[in-house]
Amino acid sequence: MPIINIRFIKDVVATEEQKKELIEKMTDTFVGVLGDVVRPFTYCIIDEVPIGMWGIAGVPMPDLPYLVGDEFAEVREKSNQTMRDAIAQMAADAEKAEE
């Protein structure tokens with residue numbers, strides 16, 4: 001039995017109408033790929049994580065102002081710089097290996 005699982009934060013992401021639409025459209029998309037034979041066996045489950053039971057970068061949520069504030073922007077930029085440095089190092093290593 002195919003299972004489509006959607007997970008998001010309760011009362012923050014989707015309305016009841018949007019959840020119904022997600023179930024219908026996700027199932028239709030799945031059936032569109034695999035065929036009508038799977039429709040009667042396709043489960044679409046929405047898991048809603050309660051507010052306060054999730055976090056980002058070690059900060060319990062929902063601290064929505066944190067997500068758009070300077071502190072999280074600095075955390076993201078530090079992570080992005082680390083990734084840019086790693087990519088540059090890999091390129092330099094590859095260049096040396098070609099010599």
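Residues numbered from 1 in each chain as written. Predicted model: local features only at pLDDT ≥ 70, side-chain atom pairs only at ≥ 80, totals over all residues. Heavy atoms only, no water.

S.K.: Report on the overall build of the protein chain, specifying residues and quantitative values.
M.R.: When helices and strands are counted, the protein chain shows three helices and four strands. For the protein chain, the succession of helices and strands along the chain, N to C, is β-α-β-β-β-α-α. Here the protein chain has a C-alpha radius of gyration of 21 Å; the compact-globule value for 99 residues is 13 Å, and the former is much larger. Taken along its principal axes, the extent of the C-alpha atoms in the protein chain is 60 × 40 × 15 Å. Put simply, the protein chain has 99 residues, and 19% of those count as buried. Counting contacts in the protein chain only where the partners sit at least 6 residues apart, residues at least 24 apart contribute 49% of the total. Entry remark: accessible area of the protein chain is about 7600 Å², with carbon and sulfur atoms responsible for 59%. Counting 10 positive and 19 negative side-chain charges, the protein chain places the averaged centre of each group 5 Å from the other. (Helix = DSSP H or I, 4+ residues; strand = E, 2+ residues; numbered from the N terminus. Rg over C-alpha atoms; globule rule 2.2 N^0.38 Å. Buried < 20%, exposed > 50% of the residue type's maximum accessible area, 1.4 Å probe, protein only. Contact = heavy atoms within 4.5 Å. Areas by Shrake-Rupley, 256 points an atom, 1.4 Å probe, with all protein chains shown as cover. Lys, Arg positive; Asp, Glu negative; His and termini not counted. Charge placed at Lys NZ, Arg CZ, Asp CG, Glu CD.)

S.K.: Outline the pattern of salt bridges, supporting the account with residue identities and numerical values.
M.R.: Scanning the model with the defined rule gives seven salt bridges in all. With a closest N to O distance of 3.0 Å, K19 and E48 form a salt bridge. Here the residue K19 occupies a position in helix α1 (residues 16-34), and E48 occupies one in strand β2 (residues 43-49), the gap between them amounting to 29 residues. Accessibility expressed as a relative area gives 8% for K19, which makes it buried. Sharing partners across several salt bridges, the network here consists of E16, K19 and E48. (Salt bridge = Lys/Arg side-chain N within 4 Å of Asp/Glu carboxyl O.)

S.K.: Can you explain the side chain of T27? Please cite residues and give values.
M.R.: Inspection of the secondary structure puts T27 in helix α1. Residue class for T27 comes out buried when judged on its relative accessible area of 10%. Not counting residues up to four positions away in its chain, the partners in contact with T27 are I4, L22, R39, T42 and C44.

S.K.: Lay out the pairing of strand β1 (residues 3-9) with the relevant residues and their values.
M.R.: Two faces belong to every sheet, and in a regular strand the side chains alternate between them. Pairing geometry for β1 and β2, over seven bridges, is parallel. From the neighbouring strand, F8 faces β2, where its bridge partner is E48. Read from β1 through α1 to β2, the crossover connection turns out right-handed. (Pairing = 2+ DSSP bridges. Right-handed = clockwise from strand over helix to strand, strands pointing away.)

S.K.: Give a detailed account of the environment of D11, specifying residues and quantitative values.
M.R.: Secondary-structure assignment places D11 in the loop between β1 and α1. Of the residues examined, D11 reaches a relative accessible area of 60% and is grouped as exposed. Residues D11 and I51 lie 40 residues apart in sequence; the distance between their C-alpha atoms is 7.8 Å.

S.K.: Any details on the nonpolar core? Residues and values, ideally.
M.R.: Ranked by size, the top nonpolar core spans six residues in total: I4, I6, F8, A14, C44 and I46. Counting residues per element, the ones that place at least two in this core are β1 and β2. Top element by residues in this core is β1. It accounts for three residues. (Core = buried A, V, L, I, M, F, W, Y, C linked by side-chain atoms within 4.5 Å.)

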